[in-house]
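Structure assessment
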Amino acid sequence: MSPLCRAGEHLSRRAFLKGAAVTGGGLVLPNWGGLAHARSAAEAATKAKKRCILLWMNGGASQIDTFDMKPGRPTGGPFRPIQTKVTGLQVCEYLPKVAAVADKLAVIRSMKTHSPDHPDGIYHMHTCYKMSERTPHPELGAVIAKFNGDLGSDLPTFVRMGSCGNAGAGYLGPAHEPFSLGREGKLGAFTSPYLAADAEMKRAELFRFVEGEFAADHKAEPFDSHRTAKERAWRLLRAKAVFDISKEWPAARERYGDTDFGRGCLMARKLVEAGVPFVEVGHENYDSHADNFVCHKANMQHLDLAWPALLTDLADRGLLQDTLVVWMGEVGRTPQINNRAGRDHYIRAWTIVLSGGGIRGGQVYGATDADGKDVRDNPVSEGDLFATIYKALGINHRAKHLSGVRPVWLTPEGSQPITELLG
Amino acid sequence: MPDLTKPTLVWTLTWDADWVTAVAFLGSSRRVAAGNNLGGVLVWDLPEKPGGDPPKPLLKLDGHTNCVSKLACTPDGKTLLSSSYDHSVRLWDTAARATGEEKLVLNATAIADAERRKSNGAKVPPPIPATVGVVKTSQVFDGHKEWVTALELSRDGKTVLSGDDGGHVVLWDVAGKRVAKRWQVKGWVAALALSPDQKQACVGERVPLVFDSGRHAGLKLWNVATGEVAFDLSAEFKGQHLGAAAYSPDGKVLVVGRGGESEGTLTLVDPVAGKKGKALAPIHQYGATDLAFHPDGKHFASAGRDTVVRVWEDATGKLVSELGKPRGGQFKDWVHAVSWSADGAWLAAADMAGAVQVWHFAG
């Protein structure tokens, strides 16, 4: 067999992933619908190490309109601050429930980052590396999936909903690629079988046989990825019930808010409880170059229900101490209000909030100047943030991998965890 | 009769502390009031005839602590109403005496900006000083718990319809501030108008989300007596957030303007039949912000985010005149609001750039 790849084996990762979803349709394991999945999910949960939920504010939330308010300043805008139970921490008047759980939050007001636009910012804030680097760095979720996940679980180890990261598993390979749900936490249509169980079983067996024959002659990564995705899809179907929140939702709807983001947060809670080590929930509508204040007001009314409900639920179930909840987006927003009543992208001084597992809550780290235009104290880079997150989750932030033959590290050289934030 | 085809910009009343967001003539007097994004309200006394230097403000009405969203005055000019993001509507006695004085520099922001850019050759303008009497006394209507975004006064000046971002629409009387009717719409109140007979209210509603399934926009005509929907025009204006609405004085025409950052189409509606009518051209590019009927009942003015005010004939939808030009480029400041003088010969426009434009139509 030739050591060289055949031309036809040079499939793009994107093409492969697209194909995997289609090919996976209708392939269902024989024990579909049985209770075996419940046992495997519970086992996965007991084995799980620390978990992480990333609440991703897609487009970039305004720090001045949420956690770093500047009342009375030209940059302040129309929102007014309310006091929390944490000294020195005021939050927007439209986040009263967030204010009530402020003792769980560690607010970093001094993010100073390097990628000002959406694709590069999304990549950078998911990988802690610049998009322009040639190395395909893995997202936070893929790293946590690798180090804290159980590949033997029927459940995926890296789940995301809505608009989220754009880097995937990078050099960690296809086993750690994200599994995407719909914005409201729905499973893809491919998880619904369209054949009777016995027919599905015969079909799956036949498919595996053909795949096995094909694999003997096709060793390229895209094909391996394809097979891996299919296997994961089959296993996932055994645990499909974990993705059904219809029983919990009526009781949770009021607390989480009857929104896509609210359902996503409940789903995230259920998934980490079942042993999924990383779940990302996207919250849209923050890219408010125009009408920033009405956009943020509408968003905060969703955020203020779902996020505190998630933290409270995790705490009540004894999960918060082992579940890190990160609130961030790809950029902050300008202190200056433009003539579209908007705020544009801003990376010189913005805010991220951590809470839960490994984090000492009830504190503000760093500070900006009077108008919020620059960091005054304790600037935090992407690398420092990720080093802190990894440290909180028990992962060595300087763990080394190989991308091809090139050594790469989880965080850039010089990145340091912020010890003040760690519990 | 003023010739509405011949507008002349006679004064630009500079006040650049922040965006000027609301404007209203005070009854049939020569006075005009304007509110800004910080909650300030200034009152000017305009000269009888065009010409000369722009007048300086006389009074500052001190009370609001957040953006003034709308201003309206009773026809007798005695009571000025101001709605605000501070959740209140204030009622000002226009004859109240000032209890103090304050010195203002009306172009302080322009001076500060130029000072910052001095090294790049920016020329610092001379200050425009003014001394204003400060009025602190006002009555407060506190029937809202959210940003009061819309305010409409009945033709007789006795009844107010106000709406907020919590979706609450409240009908109340000026004299006693008693609530006669209150109802809630599905979204936030974005546009509000009361028919001349006070039997119908037009409410444009929205939840300004872009991608989320919770986004919402609607336009409904409500029976004021019952608080029930008379006509739901949401399907006809599908997905459109209406930012402005106004009934003609005879109640036969309703004009609505699409707001937000959108194609600011103005559309005529038959409020009696509940039917969508003609869409007017040209649009206010980037969104309409305000509508105001001329006292003759045959014309109305519209304002938008394109920095232009237009005067229209309501029977035909024909454009009569255009006040100002787009300032060039994209999104160059909005004209937030417009108000006609009682004689219909003057129009004041609230300019986001930090000024009140005063236009005159010669007779």
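Above: the structure in question.
Residues numbered from 1 in each chain as written. Chains lettered and ligands numbered in written order. Predicted model: local features only at pLDDT ≥ 70, side-chain atom pairs only at ≥ 80, totals over all residues. Heavy atoms only, no water.

A word on the overall build of chain A. Looking only at helices and strands, one finds 11 helices and 16 strands in chain A. Residues classed as buried in chain A amount to 58% of the 423 residues present. Look at the contacts in chain A between residues 6 or more apart in sequence, and 74% of them connect residues 24 or more apart. (Helix = DSSP H or I, 4+ residues; strand = E, 2+ residues; numbered from the N terminus. Buried < 20%, exposed > 50% of the residue type's maximum accessible area, 1.4 Å probe, protein only. Contact = heavy atoms within 4.5 Å.)

A separate point is the state of the cysteines. Enumeration over the complete set of coordinates arrives at 0 disulfides over all chains. Left without a disulfide partner, Cys128(A) is nearest to the cysteine sulfur of Cys52(A), which lies 13 Å away. Residue Cys128(A) is classed as buried on the basis of its relative accessible area, which comes to 2%. Residue Cys73(B) stays outside any disulfide, its sulfur separated by 19 Å from that of Cys67(B), the closest cysteine. (Disulfide = S-S within 2.5 Å.)

Turning to the packing of aromatic side chains, a few remarks are in order. Given two aromatic rings, one states the distance between the centres and the angle between the planes to describe the pair. In this structure the tally under the stated criterion is 19 aromatic pairs over all chains. For the ring pair Trp19(B) and Trp334(B), a centre distance of 6.4 Å and an interplane angle of 40° mean the geometry is tilted. With Trp19(B) in the loop between strand S1 (7-14) and strand S2 (20-25) and Trp334(B) in the loop between strand S29 (318-323) and strand S30 (335-340), the pair connects residues that are 315 residues apart, well separated along the chain. The pair formed by Trp19(B) and Trp334(B) is uniform in burial state, with each residue classed as buried. A centroid spacing of 5.6 Å and a plane angle of 40° characterise the contact between Trp340(B) and Phe361(B), whose relative ring orientation is tilted. In this pair, Trp340(B) is assigned in strand S30 and Phe361(B) in strand S32 (residues 355-361), connecting sequence segments 21 residues apart. Among the aromatic side chains, those forming a connected cluster through ring pairs are Phe79(A), Tyr94(A), Phe293(A), Tyr85(B) and Trp147(B). The ring of Trp346(B) carries the charged tip of Arg30(B) above its face, separated from the ring centre by 4.4 Å. The ring of Trp334(B) carries Arg305(B) above its face, with NZ or CZ at 3.8 Å from the centroid. (Phe/Tyr/Trp six-rings, centres within 6.5 Å; stacked < 30°, edge-to-face > 60°. Lys NZ or Arg CZ within 6 Å of the ring centre and 35° of its normal.)

What follows covers the interface of chain B and chain A. It is common to report an interface's size as the accessible area lost on association of the parts. In this assembly, 24 residues from chain B lie in contact with 25 residues from chain A. Counting each side, the surface lost to burial between chain B and chain A is near 2000 Å², with a carbon and sulfur contribution of 50%. On the chain B side of the contact with chain A, Trp147(B), Phe211(B) and Asp212(B) bury the most area, a combined 26% of that side's loss. The interface formed by chain B and chain A holds 4 salt bridges in total. (Buried area = accessible area lost by both parts, 1.4 Å probe. Salt bridge = Lys/Arg side-chain N within 4 Å of Asp/Glu carboxyl O.)

With that settled, consider the pairing of strand S8 (residues 323-328) of chain A. Residues and elements named next belong to chain A. Counting buried residues along S8, 6 of its 6 residues qualify, which places the element largely inside the surrounding structure. Going residue by residue along S8, you find Thr323, Val325 and Trp327 tucked away on one face and Leu324, Val326 and Met328 tucked away on the opposite face as well. Summarising the sheet, strand S1 (residues 51-57) and S8 pair through 6 bridges and their orientation is parallel. For Leu54, the partnering residue across the bridge sits in S8 and is Val326. (Pairing = 2+ DSSP bridges.)

All names here are of chain A. Mapped onto the elements of the fold, Val375 is located in strand S14 (residues 375-377). Sequence separation between Val375 and Glu221 is 154 residues; the distance between their C-alpha atoms is 44 Å. With sequence-adjacent residues up to four places away left out, Val375 is seen in contact with Ser110, Met111, Lys112, Arg348, Ala349, Ala367 and Thr368.

On to the sheet that holds strand S6 (residues 68-73) of chain B. All names here are of chain B. Strand order in the open sheet formed by 4 strands is S6-S7-S8-S11, and the pairing between neighbours is antiparallel. Each having just a single partner strand, S6 and strand S11 (139-141) make up the two edges of the open sheet. Recorded for the sheet is a direction-independent mean angle of 20° between the axes of neighbouring strands. One ladder, built from 3 bridges, connects strand S8 (residues 89-93) with S11; its direction is antiparallel. The partner of Leu91 across the bridge, within S11, is Gln139. (Axes fitted to C-alpha atoms, helices over the stretch in contact; angles between N-to-C directions.)

Quick look at the sheet that holds strand S17 (residues 200-207) of chain B now. All names here are of chain B. What the 4 strands build is an open sheet, ordered S16-S17-S18-S19; its pairing is antiparallel. Every interior strand has two partners, whereas the edge strands, strand S16 (188-194) and strand S19 (228-232), have only one. Within the sheet, the average angular offset between the axes of one strand and its neighbour, ignoring direction, is 30°. Relative to strand S18 (residues 216-223), S17 is paired through 8 bridges, and the arrangement is antiparallel. Note that in S18 the partner of Arg206 across the bridge is Ala217.

This part is about the nonpolar core. Ranked by internal contacts, the top residues of the largest apolar core, which has 67 residues, are Leu55(A), Phe67(A), Phe243(A) and Trp307(A). Those residues in contact with Phe243(A) that sit more than four places away from it in its chain are Leu155(A), Pro156(A), Phe179(A), Leu181(A), Gly185(A), Leu187(A), Leu236(A), Met267(A) and Leu271(A). (Core = buried A, V, L, I, M, F, W, Y, C linked by side-chain atoms within 4.5 Å.)

By themselves, these are just geometric observations and shouldn't be taken as functional.
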